[in-house]
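# Examining the three-dimensional arrangement
Below, each chain spelled out in residue letters.
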Amino acid sequence: RPPRSTLFPYTTLFRHRDMEAKDYVSIAKNYADDVIEGRIIEGAEVVLACQRFKSDLERTDIELRPKEPNMACSIMEGFFVHAQGEDMKGMPLMGTPFILQPWEIFATVNMLGWYYVDTGGLRFTEAFIMTARKSGKTFCIGALSFAVGILWRRSGSKQYIVANSLKQTLQAFNFLKFNMVWHGLDKDEDMRILDNSFNHSIEYQFKDEEGRPDGMIDINALASNPDSQDSFNCNFAIADEIAGYKKAKQYTLFKDAQKGYRNKLIIGITTAGDNANSFGYRHMEYAIKVVNGTVKDDKFFALIARADQDENGNVDYTNAEQHKKANLSYGVTVSPDELMNDALQAQNDPQKRKEFFAKSLNIYTSAI
């Protein structure tokens, strides 16, 4: 660990172990090429997202700046460690380096790398990431929130992590808290961590070398309840598991809270549900229209991983290739053997099929 005095605000020193500098933008470009050319098997919407990325590289009204995404990914990999879990060999992961998967780097480079040439403003202000459960998306986005907070600290980075239930929200918050304690930052006089029945927040006041204010991060975790919440103000928000949102206002409340900022981002992340009349399903439909070009929304980024359906909505759910298409971290955080075993159980026991379709294949079962 570097001396605590060097941890902030210099992001190039924000790492707990020796690591070589990586060109994350090149990794994202290579991932897009591999997906488009079939060397990496992904679903149709992921291929479309990669094709959109390659087309964007040819545009002259936007530019891909490497500094911000490279810095964010360096913080995510250089500072964060796993709080729980096991690898594919059953070895404990707690305290081991948090290594980003290519799809996570691709998403981060897109969300933080594109800027408009004329205004200099961040291009994507809204994002939607959908992949099957246990792909690591919640922890990845949690780490991203802290990295973005450092990058945007001088704007006063106010952030919210929200979900349909507080228990879901606390998954990302507890991951952040674990890493603050792991590095001893909870003892830093400029760090304040509140975790009680009334408040779940992490706040850090940055100072420059002379001890003058140099920005701040304020991350808050809460359950989204639009009937009793209002007057939020933030520049970064995570809407977790939006498949369970009962009202659109649970999402738009935090999107509208960002109107006071030019550089801002709200990220919706989810796995499929079982209600085709829900906000989550309609939001997914909109994201699909954006990536396939049916709807033009230049400020919306989408990465949607799901199994293929035929014209009648059927899914070849015992096919390993379909498992791969729905699980972006297939073979890394999700076991191929366990997925196949679950698929065979779903085939032999119909009562398990609905859950397998929704959570492992990212298929809304009520839409089949």
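Residues numbered from 1 in each chain as written. Predicted model: local features only at pLDDT ≥ 70, side-chain atom pairs only at ≥ 80, totals over all residues. Heavy atoms only, no water.

## Some remarks on the nonpolar core
Definition in use: For this analysis, a nonpolar core means a set of buried residues of the types Ala, Val, Leu, Ile, Met, Phe, Trp, Tyr and Cys, connected via side-chain atoms within 4.5 Å. Note on exposure labels: buried denotes an accessible area under 20% of the residue type's maximum, exposed denotes more than 50%, and partly exposed covers the range between, all computed with a 1.4 Å probe on protein chains only. Numbering of helices and strands starts at the N terminus; helices are DSSP runs of H or I of at least 4 residues and strands are runs of E of at least 2.
In terms of nonpolar packing, the biggest core is built from 69 residues, with Phe106, Met111, Leu144, Phe146, Ile267 and Leu303 touching the most fellow members. Examining the composition of this core, we find that eight residues originate from one element, helix α5 (residues 137–151), more than from any other. Core analysis: the next-biggest nonpolar cluster, separate from the first, contains 29 residues, Ala243, Tyr251, Ile266 and Ala272 among them.

## What about empty space enclosed by the protein?
Selection rule: Buried and open spaces are told apart on a 1 Å grid over the protein atoms alone, a cavity being a set of points where a 1.4 Å probe fits but cannot get out and a pocket being an open set with protein on both sides within 12 Å along at least five of seven lines. Residues with an atom within 4 Å of a point are the lining residues. Grid points are joined across faces, edges and corners, and a volume is the space filled by probe spheres set on the points.
Applying the stated rule across the entire model yields one cavity of 30 Å³ or more. Put simply, the largest cavity is a space of about 40 Å³. Lining the largest cavity are Trp103, Glu104, Ala107, Thr108, Met111, Ile129, Lys137, Cys140, Ile141 and Leu144. Elements represented by at least two residues in the lining of the largest cavity include exactly α4 (102–113) and α5.

## Overview of the environment of alanine 49
Condition: Contacts are residue-level and defined by heavy atoms, with any inter-residue pair within 4.5 Å sufficient.
Tracing the sequence through the fold places alanine 49 in helix α2 (residues 44–56). Alanine 49 gets classed as buried once you look at its relative accessible area, which sits at 3%. Along the sequence, alanine 49 and alanine 302 sit 253 residues apart, while their C-alpha atoms lie 6.9 Å from each other. Residues in contact with alanine 49, not counting those within four places in the same chain, are Phe106, Ala302 and Leu303.

## Some words on the packing of aromatic side chains
Note the following rule: Ring pairs are drawn from Phe, Tyr and Trp, using the six-membered ring of Trp, whenever the two centres fall within 6.5 Å, and their geometry is named by plane angle: stacked under 30 degrees, edge-to-face over 60, tilted for the rest.
In this structure the tally under the stated criterion is 20 aromatic pairs. Geometrically, the ring pair formed by tyrosine 160 and phenylalanine 232 is edge-to-face, given 4.8 Å between the ring centres and 70° between the ring planes. Of this pair, tyrosine 160 sits in strand β4 (residues 157–163) while phenylalanine 232 sits in the loop between β7 (213–223) and β8 (236–240), and the two are 72 residues apart along the sequence. Residue phenylalanine 232 is classed as buried on the basis of its relative accessible area, which comes to 18%. With a centroid separation of 5.1 Å and an interplanar angle of 70°, the aromatic rings of tyrosine 204 and phenylalanine 206 are classed as edge-to-face.

## Concerning the pattern of salt bridges
Side-chain pairs of opposite charge can arise where the charged atoms are in close proximity. Put simply, the rule is: Take a side-chain nitrogen of Lys or Arg and a carboxyl oxygen of Asp or Glu: if they are within 4 Å of each other, that pair is a salt bridge.
With the rule as written, the count across this model stands at 27 salt bridges. One salt bridge in this structure joins lysine 54 and aspartate 33, with 2.8 Å as the shortest N-O distance. Of this pair, lysine 54 sits in helix α2 while aspartate 33 sits in helix α1 (residues 24–36), and the two are 21 residues apart along the sequence. Judged by relative accessible area, aspartate 33 falls into the partly exposed class, the value being 21%. For the salt bridge of arginine 59 with aspartate 56, the shortest nitrogen-to-oxygen distance reads 3.6 Å. Each of Asp56, Arg59, Asp61, Arg123 and Asp298 takes part in a single network of salt bridges with overlapping partners.

## A few points about helix α10 (residues 336–348)
Here is the rule we go by: One less than the number of residues in a helix, times 1.5 Å, gives the span that helix is expected to have. Directions are taken from the helix axis to each C-beta atom, and the arc is the one they span.
For α10, which comprises 13 residues, the first-to-last C-alpha distance of 19 Å matches the rise-based estimate of 18 Å (1.5 Å per residue) to within 8%. By the burial criterion, the buried members of α10 are Leu339, Ala343 and Ala346. Taken around the axis of α10, the buried residues stretch over an arc of 60°, which confines them to a single face. Across from the buried face of α10, at angles greater than 90 degrees, the exposed residues are Asp337, Glu338 and Asn348. Buried-residue contacts for α10 involve α9 (320–326) and α11 (353–360).

## Points about helix α3 (residues 67–79)
In a regular helix each residue adds 1.5 Å, so 13 residues correspond to 18 Å; α3 covers 18 Å between its end C-alpha atoms and thus fits that length. Here α3 has its buried residues at Pro69, Asn70, Ala72, Cys73, Ser74, Ile75, Met76, Glu77, Gly78 and Phe79. Buried residues in α3 make contact with α1, α4, α5 and α6 (166–182).

## Some words on the state of the cysteines
For clarity, the cut-off: Pairs of cysteine sulfur atoms within 2.5 Å are what we label disulfides.
Taken as a whole, this structure holds zero disulfides when the rule is applied. Between cysteine 140, a cysteine without a disulfide, and cysteine 73, which holds the nearest cysteine sulfur, the sulfur-to-sulfur distance is 8.2 Å.

## Points about the environment of phenylalanine 301
Within the fold, phenylalanine 301 resides in strand β10 (residues 300–304). Take phenylalanine 301: its relative accessible area is 1%, and that puts it in the buried class. Taking the C-alpha atoms as reference points, phenylalanine 301 and serine 231, separated by 70 residues in sequence, lie 26 Å from one another. Discounting residues that sit within four places of it in the chain, phenylalanine 301 has contacts with Arg52, Phe106, Ala107, Asn110, Met111, Phe124, Glu126, Ala127 and Phe128.

## Observations regarding the packing of α5 against α6
For clarity, the threshold we go by: Lines are fitted to the C-alpha atoms to define the axes, a helix being fitted only along its stretch in contact, and any angle between axes, read from their N-to-C directions, falls within 0 to 180 degrees. Orientation is classified from the angle alone, with under 35 degrees giving roughly parallel, over 145 giving roughly antiparallel, 65 to 115 giving roughly perpendicular, and any other angle giving oblique. Should the near helix be turned anticlockwise from the far one by less than a right angle, the crossing is termed left-handed; should it be turned clockwise, right-handed. Polar here means any residue outside two lists: the nonpolar Ala, Val, Leu, Ile, Met, Phe, Trp, Tyr, Cys and Pro, and the charged Asp, Glu, Lys and Arg; Gly therefore counts as polar.
Contact pair α5 / α6: the axes reach a minimum separation of 9 Å and the direction vectors enclose 55°. Classified by the angle between their axes, α5 and α6 sit oblique to one another. Regarding α5 and α6, the two cross each other, and that crossing is right-handed. Contacts from Thr138, Phe139, Gly142, Ala143, Ser145 and Phe146 in α5 reach Gln168, Gln171, Ala172, Phe175, Leu176 and Met180 in α6. Tallied by class, the residues present in the contact of α5 with α6 amount to seven nonpolar, five polar and no charged.

## Here we look at the pairing of β10
Definition in use: Any two strands with at least two DSSP bridges between them are considered paired.
Most of β10 sits out of view: five of its five residues are buried. Burial of the side chains of β10 extends over both faces: Phe300, Ala302 and Ile304 are buried on one face and Phe301 and Leu303 on the other. Examined bridge by bridge, strand β3 (residues 126–130) and β10 share five bridges and lie parallel to one another. Bridge pairing links glutamate 126 to phenylalanine 300 in β10.

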